[in-house]
Amino acid sequence: MTTAPRTPARAAPGSAVEGLLHRALAATASGVVIVDLLAPDQPLVYVNHAFEELAGFPREEVLGRNCRFLQSPDSDLAAVARIREAVDAGLECRETLLNHRGPDRTPWWNELHLAPVTDPAGRVVQYIGVQNDVTVRVEAGRRLAREQDRTRQYLARIEQLAYTDPLTELPNRRRLQEEVELALGEAATTGTATGLLFVDLDGFKAVNDRFGHAAGDQLLVAVSRRLRGGLRRTDLLARLGGDEFLVALPGLDPRSAPEEAAAVAAQLAELVRAPLQLCGETVHVGASIGCATGPVDGVDFAGLLHAADQRMYRAKHLVG
């Protein structure tokens, strides 16, 4: 008995495949749309249920519309332009941009992937868009960026406090020491000299005792401004503490460094001696200044500071 040949299995009809595809698209959590590029204004011709949820409108209200209805004036115009350029060129693109949902225009961040669909001739006729709400991720990233920015600001402020005199906003001794050490190192390679002036105010205590600490602080701020005004842009001014200031003079000619430093000291002393208005009265203070130059008087900050300090005390003794 001859067995009849087995009939080959037949492929599922096209309608069954399409039904399966529609069920898969309906079940996915990503919003899926199809855009017809050949129709005027490139309308939506298919949306799945997830897209209805993302858009905040039923499909009856979105089919036939261009998907720009999701955008608002707050949307990133650069991202929108990149999407348009990709579509015009028939290319895939991925963008994350701000969209708005439903009649109340609730903002949400859309991670969008667009892919072209071509006909047998290779012409792009449709675009498939896959969209996901990544608002939580974007906002978390923005919060992290804000926290990082605040941290950087706090660290910058901490560094500023560590290196700055809070009253005059001048560098403090620590910052000046670092700058002088750098200047001395550079001077060793360039053959230049570095000057250091120790400035101590004369008569400050009498003004402070008479008018009070607040007035004394005003006087210190005024003197610091005068000192700064008498220096080159490359010179360094710092408040050592109390009524004492330090001035660093980098890049001096070694042959004339002591004379140059003494000339700057005389100029600064003259600026300090000029009368000041304080609490409605005219007050006068002076300055005793000691000068040292490196590498003759010292090859490091400590050596220069000691030499300038000793000479300042001798100058103050002569004044007294």
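A brief look at the structure comes next. (Residues numbered from 1 in each chain as written. Predicted model: local features only at pLDDT ≥ 70, side-chain atom pairs only at ≥ 80, totals over all residues. Heavy atoms only, no water.)

**Thoughts on the layout of surface pockets**
Here's step 1: Considered as a void within the structure, the largest pocket measures approximately 460 Å³ in volume.
Here's step 2: Lining the largest pocket are 22 residues, with Asn66, Cys67, Gln71, Ile83 and Leu114 sitting closest to its centre.
Here's step 3: Residue assignment for the lining of the largest pocket shows that the elements contributing at least two residues are strand E1 (31-36), helix H4 (77-89), strand E3 (93-101), strand E4 (106-118) and strand E5 (124-133).
Here's step 4: At 5 residues, the largest contribution of residues to the lining of the largest pocket is made by H4.
Here's step 5: Considering only residue class, the lining of the largest pocket consists of 12 nonpolar, 7 polar and 3 charged. (1 Å grid on protein atoms, 1.4 Å probe; cavity = no way out; pocket = protein on both sides within 12 Å on 5 of 7 lines; lining within 4 Å. Points joined across faces, edges and corners; volume = space filled by probe spheres on them. Helix = DSSP H or I, 4+ residues; strand = E, 2+ residues; numbered from the N terminus. Nonpolar A, V, L, I, M, F, W, Y, C, P; charged D, E, K, R; others polar.)

**Let's talk about the packing of helix H7 (residues 204-211) against helix H8 (residues 213-229)**
Here's step 1: Taken N-terminus to C-terminus, the directions of H7 and H8 make an angle of 140°; their axes are 6 Å apart at the nearest point. Taken together, the axes of H7 and H8 lie oblique to each other. Residues Phe204, Val207, Asn208 and Phe211 of H7 form the contact with H8, whose own contacting residues are His213, Ala215, Gly216, Leu219 and Leu220.
Here's step 2: A per-class count over the contact of H7 with H8 returns 6 nonpolar, 3 polar and no charged. (Axes fitted to C-alpha atoms, helices over the stretch in contact; angles between N-to-C directions. Parallel < 35°, antiparallel > 145°, perpendicular 65-115°, else oblique. Contact = heavy atoms within 4.5 Å.)

**Section: the sheet that holds strand E2 (residues 44-47)**
Here's step 1: Pairing within the open sheet is antiparallel, and its 5 strands lie in the order E2-E1-E5-E4-E3. The outermost strands of the open sheet, each flanked by one partner alone, are E2 and E3. Direction aside, neighbouring strands of the sheet carry axes that sit 30° apart on average.
Here's step 2: Pairing of E4 with E5 involves 9 bridges; the strand directions are antiparallel. What sits directly across from Leu114, in E5, is Gly129.
Here's step 3: Here H4 sits on the sheet and contacts E3, E4 and E5; the angle it forms with E3, its principal contact strand, is near 125°.
Here's step 4: Strand contacts of helix H5 (residues 135-163): E3, E4 and E5, with the helix running at about 120° to E4, the strand carrying the most contacts. (Pairing = 2+ DSSP bridges.)

Distances and angles like these do not, on their own, reveal function.
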